[in-house]
Amino acid sequence: MSRRLFLGALAAIAVILALVAAGCGGSKKSSSTTTGGGGGGGGGGNASALPASSCSPIYYEGSGKPEFIFASDLPLQGSGRTQTVQMTEAIKFILKQHNFKAGDHTVGYQSCDDATAQAGKWASEKCSANANAYANNKSVIGVIGTFNSGCAEIEIPILNRAPDGPIGMISPANTYVGLTHAGPGTAAGEPDKYYPTGKRNYIRIVAADDYQGAADATLAKQLGLKKVYILNDKEAYGQGVATDFKNSVSKLGLTVAGFSAWNGKAASYEGIATKIKQTGADGVFLGGLICENGGKLVKDLRAGLGANVKLLAPDGFTPISAVVQGAGQAAEDMTVSVAGQPNENLGATGKKFVKDFGATQSSGQVDPYSSYAAQAAEVLLTAIENSDGTRAGVSDQLFKTDVSDGILGAFKINAEGDTNANPVTIYSIKGGKQTTLKVITPPTSLVKAA
Amino acid sequence: MSASASTEALPTRWVPRVGLLPAIGLFLVLLVLVWLGVNLVKEPSAFAATFLDGLTLGLVYGLVALGYSLVYGILELINFAHGDVFMLGSAISFGVATNWFSLHDTNSLGKLIPALIATLAMAMIVCACLNATIEFVAYRPLRSAPRLAPLITAIGMSFFLQNVGLRFIGSAPVSVPNILSHKAVFSIGGHEYRWYQLIVGVSTLPVLFGLVYLVQQTRQGKAMRATAQDQDAAAMMGINVNRTISFTFFIAGALAGVAGLLYAIYTTNIAYDQGFTLGLIAFTAAVLGGIGNLPGAVLGAVLIGLIQQFNEGLSWHAPGSDWTQSIVFSILILILVFRPEGLLGERTPEGG
């Protein structure tokens, strides 16, 4: 009997091990945890750190302790890791350039992770835990993030209700339309349901999916496509961008051959390929994320449809290296649109950043998103500098953003938190590498239709 | 026994015994047949291509379903970890085939065949030993515990193995190079059926026949069937029950290894969580066919493969890919309502 108990205990330990492994799969760096207490507020400079379970130690090299901290909230695990880790490096680079100061305030930075190793992408439970940690830590004056719109949907309302808030949030990457304004692809009650206090606290510096859908539709027209089939991965982002694309191509006079979903857990998409082939479509739009088995989908579509049917994907299929890794040869010639502009199109200030920051990176390469993260850090530091040193003050200042010569050039933020600079870059995969095909800034009339 | 008695009585009483439930069942089957027929007439080439794709996919599912069915037949235990052993089988095959042999479809047959056999042997041995170890560590100590206990350890094991897979594979699906030729065997109206599909699909059949032979014809199989029927009585007859159960898990593990390799070749993508999803489908297939019944498991799997591909591939009034999962499980519910023992269920060991 005791032997059985022992073995039972062994089994139980195995289960616990499995769960522990699930929890710590990301191999976090350990860091000194500072005990809580409300810091900030005055000029004292005794900011307390966010929990080490999700966040890096405070990055601060100024004198004493920083008065405030700001956090970035990005998915630091999964296929996009190289990209997002470099974004955090870019934020550090900008903060250091400013000598850890925003006007009279000293500022430290923590990088927080909203992904789990299991999911390999953002996870809702991490997003809500992170947002609550920001809200409850009085030293947190602003947040850069999120990367994924689904995560932003969770975090914005929590930061909106934060004490002494709202806490201002600036995203370098979210593209889902409903976060800032209503449109054909958005759900009922958006965007107001994200702002329970009625006060806006979220801005983004990339074009929303209505621009991206319109840009991809413009691309489809320019490629001479007549009939497109549209797939989506059933997620908010995927359905949204797919709907925007559908409305835009219809407006441009292309035929929509079909609109259906793919299941990210399926073992085969051969049936879907057969069906698309029957419709005679000459292009397929993949509205969704690469991590929803996108690689296999591209493989099966390419095998079933042949080389002549164009595959168009939105920025859910980034980083492009993950598409190549997942789909191999089948990814050849497909296009991926990314909100924003490529580094080679940046102005003098942007080019200087890419050169200086690139020199600090071992790869020497600067991902376009790093430029966006750096710009977001600049905007946030300016807002802190111009604020009265309160959360609500910083949030208000974010909406007064008017950059004349930034890393991304000149742009303004409107009352809804959207930028007025909305270029979308189309990349094409050639020889397993991304090459910039063109930059499309779709006309407003088309975006309105999206 | 009782079945043959009622068959004799059938001719005279058959007509009045058609009740409401079977009538509805027949009607539903007819409806599906009409739907398939119309699609066949409207788009014969797409129908044929979809049929072949579904058949192949189903045969791949079948390999995993066999492992579930084998273990359930002996122990009445749903070995949830089986799907994850299968996943590790894929990971090992991938590692061996690409890192040791750098296999690719451009290799000559002289290199490909021995390398594939070595890969297969490696995957089978590792998975077989792993599965037998799992039984020893997580199920054997709980054999006289309430039936819920080993079910929970099975789920625990499943999570554990998933995390092992996560370490090796990473969270993103990994692309496997084309190991078998992706050239077309034949083409129906522009839809190509390829060599790798043919080879992978056909491979399930010898595995099924070998397994049925093992269980039905050999001494070891007799011991397995006896253990399935009554462990105490089997032990009294001199059968080493523990060894027999270990052997069953060993064979099931080897099956998972075969399935792992073939799946990696077939989908050309492996992921650390493929075992969970595929395990669920394979388990459903095993229940659909009559759990514990080996040909039933393959039949159930083929049906699920066909349902999935027909639903996604046909154009005339097909619900489409938005509904695939819902349809598969609705059909499972329907079949179980009309035939609770599964399609070929009457031959389960515990059914006598």
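Look a little higher up for the structure.
Residues numbered from 1 in each chain as written. Chains lettered and ligands numbered in written order. Predicted model: local features only at pLDDT ≥ 70, side-chain atom pairs only at ≥ 80, totals over all residues.

### Notes on the overall build of chain B
Then, number 1: For chain B, the count of helices and strands is 13 helices and four strands.
Then, number 2: Taken over the C-alpha trace, chain B has a radius of gyration of 21 Å; the compact-globule value for 352 residues is 20 Å, and the two agree within 12%.
Then, number 3: Considering only C-alpha atoms, chain B reaches an extent of 65 × 60 × 35 Å along its principal axes.
Then, number 4: The 352 residues of chain B split such that 50% are buried.
Then, number 5: Within chain B, contacts between residues separated by at least 24 positions form 77% of all contacts whose residues are at least 6 apart in sequence. (Helix = DSSP H or I, 4+ residues; strand = E, 2+ residues; numbered from the N terminus. Rg over C-alpha atoms; globule rule 2.2 N^0.38 Å. Buried ≥ 20, exposed ≤ 12 C-beta atoms within 10 Å, placed from the backbone. Contact = placed C-beta atoms within 7 Å.)

### Some words on the environment of Leu223(A)
Then, number 1: Relative to the helices and strands, Leu223(A) resides in the loop between α5 (209–222) and β9 (227–232).
Then, number 2: A sequence separation of 60 residues divides Leu223(A) from Gly283(A), and the C-alpha atoms of the two residues are 9.5 Å apart.

### Considerations on the interface of chain A and chain B
Then, number 1: Between chain A and chain B, the contact holds 44 residues from the first and 38 residues from the second.
Then, number 2: Going through the elements one at a time, α1 (2–23), β10 (255–261), α7 (270–279), α8 (294–305) and α9 (320–327) of chain A are the ones with two or more residues in the side of chain A that touches chain B.
Then, number 3: With twelve residues, the top contributor of residues to the side of chain A that touches chain B is α1(A).
Then, number 4: Tallied by class, the residues present in the side of chain A that touches chain B amount to 19 nonpolar, 18 polar and seven charged. (Nonpolar A, V, L, I, M, F, W, Y, C, P; charged D, E, K, R; others polar.)

### As for the packing of helix α3 (residues 44–75) of chain B against helix α12 (residues 294–313) of chain B
Residues and elements named next belong to chain B.
Then, number 1: Packing of α3 against α12 brings their axes to within 6 Å, and their N-to-C directions diverge by 145°. α12 is crossed by α3, and the crossing has right-handed handedness.
Then, number 2: Classifying every residue of the contact of α3 with α12 gives 18 nonpolar, ten polar and one charged. (Axes fitted to C-alpha atoms, helices over the stretch in contact; angles between N-to-C directions. Left-handed = near helix turned anticlockwise from the far one by under 90°.)

### Examining the sheet that holds strand β8 (residues 202–204) of chain A
Residue and element names in this part refer to chain A.
Then, number 1: Strands sit in the order β2-β3-β1-β6-β7-β8 across an open sheet of six strands; the sheet is mixed. Unpaired on one side and paired on the other, β2 (101–102) and β8 mark the two borders of the sheet.
Then, number 2: Together, β1 (68–74), β6 (140–145), β7 (168–171) and β8 form the strand contacts of helix α4 (residues 149–160), whose direction differs from that of β7 by roughly 155°.
Then, number 3: Most of the contacts of helix α12 (residues 391–398) go to β7, to which it runs at about 40°, and overall it touches β6, β7 and β8. (Pairing = 2+ DSSP bridges.)

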